[in-house]
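The residues making up each chain are set out below.
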Amino acid sequence: MKLSVRFAGLTALAALLATACAPQTSSNSSSDKDEKTGTLRVWLFQEVGNAPKQKVVDSVVAGFEKAHQGTKVDVEYIPIDTRAQRVKAAFNDPASAPDVMEYGNTDTAGYVKDGGLLDVTKEFGEWGEAKDTDPTAKQSVTVDGKLYGAPFYVGVRALYYRTDVFEELGLSVPRTMDELASTAREIRAARPELYGLVVGGAYTYGAMPFVWANGGELANGKSGSYASGIDSAQARKGIKAYTSLFGDDNCPATKCAGMGGNDTISAFAAGKAAMAIGGDFSHTAVEAGKVKGKYAVVPLPGVKSGSIAPAFAGGNNIGVLKSTSHRTLAVQLMEQLASKKTQSELFDAMGFLPTFTDVRQQVAQQEPFVKPFVRTLSAGTKFVPASPAWAQIDSSLVLPTMFQEVISGKKDVAKASDDAAKKMNDAFGSAG
């Protein structure tokens, strides 16, 4: 999701991931029609600076209509912040539903539970390009072993740092999480006007690499049998590592406890921090800030020297609605929109990172700033539990509340993680 119109779109990703929520509906209508002509309706997300995305999509549509005489494609760009209501209405009223739809990858399980997405396992398996799909991206369209769409693009986070500050203080780039913490405190001591590493108590996907790098998991199991793992010994070690960064010696809790991901990047771009955990989608914002020309990016280090902490694989997918009366055409259009050619063009236009490993390597050669993010993806990423309960857990701020309770001293790590695990398990249980 990028902007500049090249990386601008990914700010939408942050909002999308922060607000991902599946519509609550019991509709499970499926069309038995497979018309070979007519109008296909498509819903795509409207980006900040949408024109470059629209230009790429218009090209795909023109080619598709030319190859399928008697077929028209009607594309509507919908606001991300109202998508939940729109999708809920579409699932409940097939007559108003699109045939093809872009959706956030954390929405997959909820949409499948609500009976809205078409199972395209067979078609995906027969799609020649699918073999090069990144495994984690493929996981984001998979529920109980079946596929419900095609990955559209992916976004991950890495470590932004101020090259001028590091040079001035004679510092080396951290190679472990322990070095990251000690370097942050060293910077804060020498330059008290700066946050060493700016962190946010409401920045779930900036915090989770600390949990994952220490061997913790959000949850374990699959489908309806998920159980929270946030209260394990390994997860608690990661929670402690992250929350220990909130203090006067790095990022004061009074200022940082309420920060989200956008807040931390804004602080870094404004020259108020020496380091920040930001996404490939944060690039344009940083380039537009005071630190332009004075920063670099490396993968976020893991526990062991030279290792890379697992990052959350955010992004969007393209799926076909079960209610479509144009199944064959809709699946073909989904594949065209998510194809290697289209993803490469969307990278050029918007900066969206491709979900195909070979295309991703190609764009990394084009744009050097992409390389640390590609390395992060190649090192292995993590995803949220493929459960409809995740929307409830996310929207209820279970994890930010846990982090903030520890940061404030209201609860210790054990108590806060126990309480968070209980809330997660209640949600998993109610999801069925």
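Here's what I pulled together on the structure shown here. (Residues numbered from 1 in each chain as written. Predicted model: local features only at pLDDT ≥ 70, side-chain atom pairs only at ≥ 80, totals over all residues. Heavy atoms only, no water.)

1. Focus on the overall build of the chain
- In terms of helices and strands, the chain carries 20 helices and 17 strands.
- Taken over the C-alpha trace, the chain has a radius of gyration of 22 Å; the compact-globule value for 432 residues is 22 Å, and the two agree within 12%.
- Principal axes of the C-alpha set define a box for the chain whose edges measure 70 × 45 × 35 Å.
- Residues classed as buried in the chain amount to 58% of the 432 residues present.
- Put simply, 78% of the contacts in the chain that link residues at least 6 apart link residues at least 24 apart. (Helix = DSSP H or I, 4+ residues; strand = E, 2+ residues; numbered from the N terminus. Rg over C-alpha atoms; globule rule 2.2 N^0.38 Å. Buried < 20%, exposed > 50% of the residue type's maximum accessible area, 1.4 Å probe, protein only. Contact = heavy atoms within 4.5 Å.)

2. Topic: the nonpolar core
- Core analysis: the largest hydrophobic core is formed by 137 residues, its most contacted members being Met101, Leu197, Ile230, Tyr242, Met275 and Leu399.
- Those residues in contact with Met101 that sit more than four places away from it in its chain are Trp43, Val87, Phe91, Tyr111, Leu117, Asn317, Ile318, Gly319 and Leu321. (Core = buried A, V, L, I, M, F, W, Y, C linked by side-chain atoms within 4.5 Å.)

3. Section: helix α3 (residues 83–92)
- Here α3 has its buried residues at Arg83, Ala84, Val87, Ala90 and Phe91. What you see down the axis of α3 is that its buried residues fit within an arc of 130°, all on one side. (Arc of directions from axis to C-beta.)

4. A look at the state of the cysteines
- Summed over all chains, the structure comprises 1 disulfide.
- Across the disulfide, Cys251 is cross-linked to Cys256 (sulfur-sulfur distance 2.0 Å). Between Cys251 and Cys256, the disulfide has an S-S torsion of -85° and is therefore left-handed.
- Look at Cys251 and you get buried, because its relative accessible area is 0%. (Disulfide = S-S within 2.5 Å.)

5. With respect to the sheet that holds strand β9 (residues 157–162)
- In spatial order, the strands read β10-β13-β9-β14; together these 4 strands make up an open sheet with mixed pairing. Looking at the sheet topology across the chains shown, the edges are occupied by β10 (195–198) and β14 (295–298). Here the average twist between neighbouring strands, direction ignored, is 20°.
- With 4 bridges joining them, β9 and β14 adopt antiparallel strand pairing. Its bridge partner being in β14, Tyr160 is matched across the sheet by Val297.
- Each of β9, β10 and β13 (273–279) is contacted by helix α8 (residues 177–190), which is oriented at about 140° to β10, the strand it contacts most.
- On the sheet, helix α12 (residues 261–269) packs against β9, β10, β13 and β14 and is oriented at approximately 135° with respect to β13. (Pairing = 2+ DSSP bridges. Axes fitted to C-alpha atoms, helices over the stretch in contact; angles between N-to-C directions.)

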